[in-house]
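As a plain string of letters, each chain reads:
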Amino acid sequence: MKTDHTSEVTLRINGTEEKVLVDHRVTLLDLLRDRLGLTGTKKGCDHGQCGACTVLLNGRRANSCLKLAVAAEGATVVTIEGVADLTEGDGLHPLQEAFVANDAMQCGYCTPGQICSALGALAEADAGWPSHVTPDVTAGVKSASELGAEEIRERMSGNLCRCGAYHGIVAAITQVASGSNR
Amino acid sequence: MKPFAYQRADSIDDAISAIANHPGTAYLAGGTNLVDLMKLGVSRPRALVDISHLPLDHLTHRDGHTVIGALATNATVAADPVIRTDFPVLSESILAGASGQLRNSASTAGNLLQKTRCTYFQDVSKPCNKRAPGSGCPARTGAHRDLGILGVSTSCIATQPSDMAVALSVLDATVSLRSAAGERTVKLQDFYVAPGTTPHRETVLEHGELLTQVAFPALPAGATSRYRKVRDRWSYAFAVISVAAVVVLDAHGRIEQVRIAWGGVAPRPWRAYLAEAELRGRRPSPELFERTLRAELRHATPLPQNEFKVDLVKDVTTALLTDLAHPAEDRKVTR
Ligand SMILES: Cc1cc2nc3c(=O)[nH]c(=O)nc-3n(C[C@H](O)[C@H](O)[C@H](O)COP(=O)(O)OP(=O)(O)OC[C@H]3O[C@@H](n4cnc5c(N)ncnc54)[C@H](O)[C@@H]3O)c2cc1C
Ligand code: FES
Ligand code: FES
């Protein structure tokens, strides 16, 4: 039952509708992990500084640690558990395959956030959005396929990796960005 | 975190009446600053009024004016084709801040109203005149390397951390503030108030007033504008110092108009009005810029750890103005 400090929220998470009563203090991150058992999304800093908690919120990448669950009422959320379902077939998402193929992780803690963030970043580039390192902000970029390592590093700077697996991460994203299998 | 009530506002009037006359309540937009501060115990609202579904995400360019709704996200403003073409300084300032995922959540109003990153303000175990009026300021004798050198007071030397505000400052932006009594429009320059002895009061915004939009006029024909930011790491960090500038040259290559604003040095975006007035009508040269900026910075009151900001902001501004004042055909764009 709704009280002064709790509310019922309905979200669509990885294609499934979830209706839950939440304390207003609960973040989307804690709702996913502690209430819904979706522990793929990780908590690093809990303050927007590391990107481990990145999910796709209404199609765009967002830090779930700074989003109150109650404020996400009606939202569509994709977490790492739902990423493979974004493509046809039974296997992993091409970006997940590329992370494996390029050794893009060591401990793997940052990986779910890296993958969700990269999916968001590729979509932003496909929409022509410039970044801080785009030579001409007016021109922007044509699509993700033209992103070089410098662009990918800048666009992914909101995701830290304590193991320093950046080399493989950039390689994996570059491979998918330049391919047509997205 | 203290338990709090939550309400989603269905209309602007709803939102305003839910906050006005209710002390201890706050608007929630993207939440990327407020929720962070609530986790730290710095903000302790009794109730949040979620404004993120109000129809205030407009972004229009009409009759020589650009209007940005309070809820337009930082990401959409930076990506807007007209902003990128006509006001690159604004796109660049946003893209130089935070991260891709934060910019997707962050709103225009929330960005302008974000709180200082001063570590004493963020640490509730420490005194801070901004957070707990009258408790004192340990920054002057403690860690002040990242804090202000202009327009600060003995009570507080915190800086306003917004990059976007610095760019909007050189665009001569105004903000619209709505209350039950109606709407008023305030110049961004007058929106932030000097800390004096009341650093907890940062803007002219009254409790319950809703920032509804930001507006600015088109730049003069031939104007060039840019943003340059110095950070401790290459990406995803607040400004050590930053510079936004607009330059318009006349037919003889003299400075017809110049606007300069600094971030990371003051409790507000610092418009270098003295330097601007001094530069008008002159022939641009690095020596002139350097001399004029030095005069503007005579009023700086740095402390031992942040004294370097005086020369840093002077040198970066000189370099940026020199780039902008190059005749268009041989301008070399550097970042
Ligand atoms: C790790 C990290 C790095 C960052 N780096 C940068 C950076 O480099 N540069 C930079 O500029 N910023 C940076 N930011 C700050 C970020 O830009 C702000 O958090 C964001 O812009 C705030 O917007 P929001 O919509 O989330 O605001 P909220 O958190 O929702 O609100 C912020 C404040 O504004 C008030 N408010 C919101 N909307 C209104 C309104 N319409 N009317 C009246 N009051 C309102 C709220 O009550 C609250 O007090 C960073 C943040 C993080 C977490
Ligand atoms: S846990 Fe959200 S950014 Fe670190
Ligand atoms: S793989 Fe260990 S933190 Fe990135």
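Residues numbered from 1 in each chain as written. Chains lettered and ligands numbered in written order. Predicted model: local features only at pLDDT ≥ 70, side-chain atom pairs only at ≥ 80, totals over all residues. Heavy atoms only, no water.

### With respect to the packing of aromatic side chains
All names here are of chain B.
Thought 1: Scanning the entire structure with this criterion turns up two aromatic pairs over all chains.
Thought 2: When the ring of phenylalanine 87 is compared with that of phenylalanine 216, the centres are 4.8 Å apart and the planes differ by 80°; the resulting orientation is edge-to-face. In this pair, phenylalanine 87 is assigned in the loop between α4 (81–86) and α5 (88–95) and phenylalanine 216 in strand β8 (residues 210–217), connecting sequence segments 129 residues apart. Comparing phenylalanine 87 with phenylalanine 216, the two get one shared label, buried.
Thought 3: Considering the side-chain rings of phenylalanine 191 and tyrosine 192, the 5.3 Å spacing of their centres and the 70° angle between planes classify their relative orientation as edge-to-face. Here the two residues phenylalanine 191 and tyrosine 192 agree in accessibility, since each one is buried. (Phe/Tyr/Trp six-rings, centres within 6.5 Å; stacked < 30°, edge-to-face > 60°. Helix = DSSP H or I, 4+ residues; strand = E, 2+ residues; numbered from the N terminus. Buried < 20%, exposed > 50% of the residue type's maximum accessible area, 1.4 Å probe, protein only.)

### Here we look at the site of ligand 1
Thought 1: Close to ligand 1 lie 33 residues; B:Tyr27, B:Gly31, B:Thr32, B:Ser107 and B:Asp163 are nearest.
Thought 2: At the site occupied by ligand 1, nearby residues are drawn from chains A and B.
Thought 3: Here B:Gln114 contributes a side-chain N or O atom positioned 3.2 Å from a nitrogen atom of ligand 1.
Thought 4: In this structure, B:Ala237 approaches ligand 1 through a main-chain N or O atom, which is 3.4 Å from an oxygen atom.
Thought 5: In isolation ligand 1 has 980 Å² of accessible area, and contact with the protein removes 94% of it.
Thought 6: Among the secondary structure elements, those contributing two or more residues to the shell around ligand 1 are α7 (108–112) and β8 of chain B. (Near = heavy atom within 4 Å. Polar contact = N/O pair within 3.5 Å; in protein donor to acceptor, adjacent residues only side chain to side chain. Areas by Shrake-Rupley, 256 points an atom, 1.4 Å probe, with all protein chains shown as cover.)

### So, helix α1 (residues 28–35) of chain A
All names here are of chain A.
Thought 1: Where α1 is concerned, the buried positions are Leu28, Leu29, Leu31 and Leu32.
Thought 2: Of the surrounding elements, those touching the buried residues of α1 are β1 (6–13), β2 (16–23), β3 (54–57) and β5 (76–78).
Thought 3: Among the residues trailing α1, glycine 37 stands out with phi positive, at a value near 70°. (Contact = heavy atoms within 4.5 Å.)

### Observations regarding the UniProt feature "domain: FAD-binding PCMH-type" (unreviewed entry) in chain B
Thought 1: Here the UniProt feature "domain: FAD-binding PCMH-type" (unreviewed entry) sits at residues 1–221 of chain B.
Thought 2: The span residues 1–221 of chain B carries 28% helix and 19% strand; its end-to-end C-alpha distance comes to 52 Å. (UniProt positions renumbered as here; feature names shortened; annotations may be inferred.)

### Description of unusual backbone geometry
For residues other than glycine, phi is negative in most cases, and the peptide bonds are mostly trans.
Thought 1: The phi angle at A:Asp46 is positive, at roughly 65°, despite the residue not being glycine.
Thought 2: Mapped onto the elements, A:Asp46 comes out in the loop between α1 and β3.
Thought 3: In this structure A:Asp46 comes out as buried when scored by relative accessible area, which is 18%.
Thought 4: Residues other than glycine seldom take positive phi values, yet B:Asn21 does so here, at roughly 65°.
Thought 5: Within the secondary structure, B:Asn21 sits in the loop between α1 (12–19) and β2 (25–28).

### Focus on the domain arrangement of chain A
All names here are of chain A.
Thought 1: For chain A, the domain assignment lists domain 1 (6–83) and domain 2 (87–178).
Thought 2: Computed over C-alpha atoms, the centres of domain 1 and domain 2 are 21 Å apart.
Thought 3: Contact between domain 1 and domain 2 buries roughly 1400 Å² in total, counting both sides, with carbon and sulfur atoms accounting for 58%.
Thought 4: Taken together, the links from domain 1 to domain 2 amount to one salt bridge.
Thought 5: Between arginine 61 and glutamate 124 there is a salt bridge whose closest N-O contact spans 2.8 Å.
Thought 6: Our count for the contact surface shared by domain 1 and domain 2 stands at seven residue pairs in polar contact (both at pLDDT 80 or more).
Thought 7: The dominant element in the side of domain 1 that touches domain 2, judged by the number of residues it contributes, is β3, at three residues.
Thought 8: Tallied by class, residues from the side of domain 1 that touches domain 2 come to seven nonpolar, six polar and four charged. (Domains from an automatic or database assignment. Buried area = accessible area lost by both parts, 1.4 Å probe. Salt bridge = Lys/Arg side-chain N within 4 Å of Asp/Glu carboxyl O. Nonpolar A, V, L, I, M, F, W, Y, C, P; charged D, E, K, R; others polar.)

### Concerning the domain arrangement of chain B
Thought 1: Under the domain assignment used here, chain B contains domain 1 (1–55) and domain 2 (224–325).
Thought 2: Using only C-alpha atoms to locate each centre, domain 1 of chain B and domain 2 of chain B end up separated by 37 Å.

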